[in-house]
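# Breakdown of the fold
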Amino acid sequence: MQSRLAPLLVTLGVALSVLVATPATARSATWPVPTGELALANSAKDVRSLSMDELEDRLMAEINQARAANGLAKVWVFDACTDRLAEQWGERIARTGLFEHRDQNEVIARCDNSWAGETLVRGSGLTPRDMVDLWLDSPGHRAILLSPRAKRAGIAITRDAQGRMIGVVNLVRHS
């Protein structure tokens, strides 16, 4: 009996370690969007001295301020799958120079979303506030930023070889 028990326990231990080590699905992983006060605390700070993560947090805070000013709920969480796709798209734009929108059906299908919208911006010396102002001045981008369907976000800010800042925001509604 004991000779059979040892291999069974080893097998169960291996199975349990695989289960524990298996990451959660990307579509379920989220993390909170920093509050506007936290993300905008250093608003007088030169944006060139901020990390890309700090710029992305400030950009989301600016988007949420615009949403609140228009009577809309804030987007409270970043979505890991959507954020990864935004990062990949920003890197692609920086690498290839092709400044074009991704097919949002891909964001919907790959991240188990029911709705997705994307805003893009590229330019020199842009601050997160500048990006939001440019998007709000564009009817199509404004509709995405101010959509009541938006519940989660993925954001990327990167630079291309010319030093231009590229901003990618995907707002989504999870299925």
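Above this text is the structure in question.
Residues numbered from 1 in each chain as written. Predicted model: local features only at pLDDT ≥ 70, side-chain atom pairs only at ≥ 80, totals over all residues. Heavy atoms only, no water.

## Here we look at the state of the cysteines
Here a disulfide denotes a covalent bond joining the sulfur atom of one cysteine to the sulfur atom of another. Where we set the bar: Two cysteine sulfurs form a disulfide in these notes if their separation is within 2.5 Å. Per the convention used, a helix needs a DSSP run of H or I reaching at least four residues, while a strand needs a run of E reaching at least two, with both numbered from the N terminus. To sort residues, take the accessible area from a 1.4 Å probe on protein chains only and compare it with the maximum for the residue type: under 20% means buried, over 50% means exposed, and anything in between is partly exposed.
Scanning the model with the defined rule gives one disulfide in all. In this model, Cys81 is linked to Cys111 through a disulfide, with the two sulfur atoms separated by 2.1 Å. An S-S torsion of about -75° defines the bridge between Cys81 and Cys111 as left-handed. With Cys81 in helix H4 (residues 80-96) and Cys111 in the loop between helix H5 (104-110) and strand S3 (113-123), the pair connects residues that are 30 residues apart, well separated along the chain. Across this residue pair, the class does not change: Cys81 and Cys111 are buried.

## What about the nonpolar core?
Keep this limit in mind: Buried Ala, Val, Leu, Ile, Met, Phe, Trp, Tyr and Cys residues form a nonpolar core when they are joined through side-chain atoms within 4.5 Å. In this description, contact between two residues means that some pair of their heavy atoms is separated by no more than 4.5 Å.
If you look at the biggest cluster of nonpolar residues, it comprises 26 residues, and the most contacted ones within it are Leu59, Met60, Ile63, Met131, Val132, Trp135 and Leu171. Within the residue set of this core, elements represented by two or more residues are helix H3 (52-69), S3, helix H6 (128-136), helix H7 (139-145), strand S4 (152-159) and strand S5 (165-174). A per-element tally of this core places H3 first, with five residues. Apart from residues no more than four positions distant in its own chain, Val132 is found in contact with Leu59, Glu62, Ile63, Ala66 and Leu145. Core analysis: the second largest hydrophobic core is formed by eight residues, Ala86, Trp89, Ile93 and Ile166 among them.

## Things to note about the side chain of Thr158
Looking at the secondary structure, you find Thr158 in strand S4. Assessed through its relative accessible area of 18%, Thr158 is described here as buried. Residues within four places of Thr158 in sequence aside, it is in contact with Met52, Gly90, Glu91, Ala94, Arg164, Met165 and Ile166.

## As for H4
Threshold: To estimate how far a helix should reach, multiply one less than its number of residues by 1.5 Å.
Across its 17 residues, H4 extends 24 Å between first and last C-alpha, which sits within 8% of the 24 Å expected from 1.5 Å per residue. Listed in full, the buried residues belonging to H4 are Ala80, Cys81, Thr82, Asp83, Leu85, Ala86, Trp89, Gly90, Ile93 and Ala94. Residues of H4 that are buried in the fold lie against strand S1 (30-32), strand S2 (77-79), H5, S3, S4 and S5. Looking one or two residues beyond H4, the residue adopting positive phi is Gly97, at roughly 80°.

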